[in-house]
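Reading the structure
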Amino acid sequence: MVVHAPDPISREGARGQLRRRPEIALREDSQEGSQEGFQEGIEEGSEKCSETVPGTVTLLISDTLDDAALTRLRRVMRGEGTRAVLVVGELREAKLLDVLGCGIGAIVWRHEATEDRLVQAVIAAARGDGDLPADLLGRLIDQVNTLHGTAAGRASAPTSGLSPREVDVLRLVADGLGTVEIAAKLSYSDRTIKNILHELTTRLHLRNRAHAVAYALREGYI
């Protein structure tokens, strides 16, 4: 995995935590030595990140995400197969769907970024799973309810794109459930849930579960 951070202390702190874990293999990256900060690191590293080795996870550390940083974040995530964990100090509600929509599958609050928490998020991202803080999941559910309310007077949701079974699965993903919990709720096997998610993300060219949830929200399915 590769670490991008706004300063050497944050970068080396994250690397030091992850270096102790045998399940994480850190990869040297020329951009890691930059002193220009998170935003410049994203901008300059975007082309390199588009050639990321399959299975590589990029750890992005920032205090906040403004419009400029979000634009550069999208450039990083443009590469085929790119997976990333965002460690952020503050994330405005208006940016939540934008962050999920660009393909970030795992988010960790900076004040909660312990060694175990980072490893958990990195492994989830590598698997293509979602990993969001509980309070962010609450915000996501609130946005779902808001979208339902604003859509009440409009035409019904699209009839193509997602099947009812896929919608059921994504609704539970949005509620923060994992594969095993979703399987139990819907009386399917774990493999069936994984196959459903893999098929819909492949068909719709979505990066991961969080991206699929963002798609379903924007399209009015959930």
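For the structure, check the block above.
Since we're looking at a predicted model, the values are computed, not measured.

1. Topic: helix α9 (residues 190–203)
With 14 residues, α9 extends 20 Å from end C-alpha to end C-alpha; this agrees with the ideal 20 Å at 1.5 Å per step. Within α9, burial applies to Ile 193, Ile 196, Leu 197, Leu 200 and Thr 201. All buried residues of α9 fall inside an arc of 115 degrees around its axis, so they share one side. Of the residues in α9, the exposed ones pointing more than 90 degrees away from the buried face are Arg 191 and His 198. The elements touched by buried residues of α9 are α7 (164–174), α8 (179–186) and α10 (209–219). Two residues or fewer past α9, His 205 is found with a positive phi of approximately 60 degrees.

2. A few points about the packing of α7 against α8
Packing of α7 against α8 leaves a shortest axis separation of 10 Å and a crossing angle of 130 degrees. Relative to α8, α7 is oriented oblique. Regarding α7 and α8, the two cross each other, and that crossing is right-handed. Across the interface between the two elements, Asp 168, Val 169, Leu 172 and Val 173 from α7 touch Ile 182, Lys 185 and Leu 186 from α8. Of the residues in the contact of α7 with α8, the class split is five nonpolar, no polar and two charged.

3. Some words on the pattern of salt bridges
For the coordinates displayed, the defined rule picks out nine salt bridges. One salt bridge in this structure joins Glu 166 and Arg 203, with 3.0 Å as the shortest N-O distance. With Glu 166 in helix α7 and Arg 203 in helix α9, this residue pair connects regions lying 37 residues apart in the sequence. When its relative accessible area of 7% is taken as the criterion, Glu 166 is described as buried.

4. Describing the packing of helix α3 (residues 67–77) against helix α4 (residues 93–101)
One way to put it is that α3 packs onto α4 with a least axis distance of 10 Å and a crossing angle of 10 degrees. Classified by the angle their axes make, α3 and α4 are roughly parallel. Of the residues in α4, those touching α3 at Asp 67, Leu 70 and Arg 74 are Lys 95, Asp 98 and Val 99. Counted by class, the contact of α3 with α4 contains two nonpolar, no polar and four charged residues.

5. Some points on α3
Residues spaced three or four apart along an α-helix point in a common direction, a consequence of the helix completing one turn every 3.6 residues. All of the buried residues along α3 are Ala 69, Leu 70, Arg 72, Leu 73, Val 76 and Met 77. Viewed along the axis of α3, the buried residues span an arc of 165 degrees, placing them on a single side of the element.

6. Quick word on the packing of aromatic side chains
Counting across every chain of the model gives one aromatic pair. Ring plane angle 25 degrees and centroid distance 6.3 Å describe the contact between Tyr 215 and Tyr 221, whose orientation is recorded as stacked. By relative accessible area, which is 21% here, Tyr 215 ends up partly exposed. On the accessibility criterion, Tyr 221 (9% relative accessible area) is buried. For the cation-ring pair, Arg 165 lies above Tyr 188, with the distance from its terminal atom to the ring centre recorded as 5.6 Å.

Rules and cut-offs
Residues numbered from 1 in each chain as written. Predicted model: local features only at pLDDT ≥ 70, side-chain atom pairs only at ≥ 80, totals over all residues. Heavy atoms only, no water. Helix = DSSP H or I, 4+ residues; strand = E, 2+ residues; numbered from the N terminus. Expected span 1.5 Å × (residues − 1). Buried < 20%, exposed > 50% of the residue type's maximum accessible area, 1.4 Å probe, protein only. Arc of directions from axis to C-beta. Contact = heavy atoms within 4.5 Å. Axes fitted to C-alpha atoms, helices over the stretch in contact; angles between N-to-C directions. Parallel < 35°, antiparallel > 145°, perpendicular 65-115°, else oblique. Left-handed = near helix turned anticlockwise from the far one by under 90°. Nonpolar A, V, L, I, M, F, W, Y, C, P; charged D, E, K, R; others polar. Salt bridge = Lys/Arg side-chain N within 4 Å of Asp/Glu carboxyl O. Phe/Tyr/Trp six-rings, centres within 6.5 Å; stacked < 30°, edge-to-face > 60°. Lys NZ or Arg CZ within 6 Å of the ring centre and 35° of its normal.

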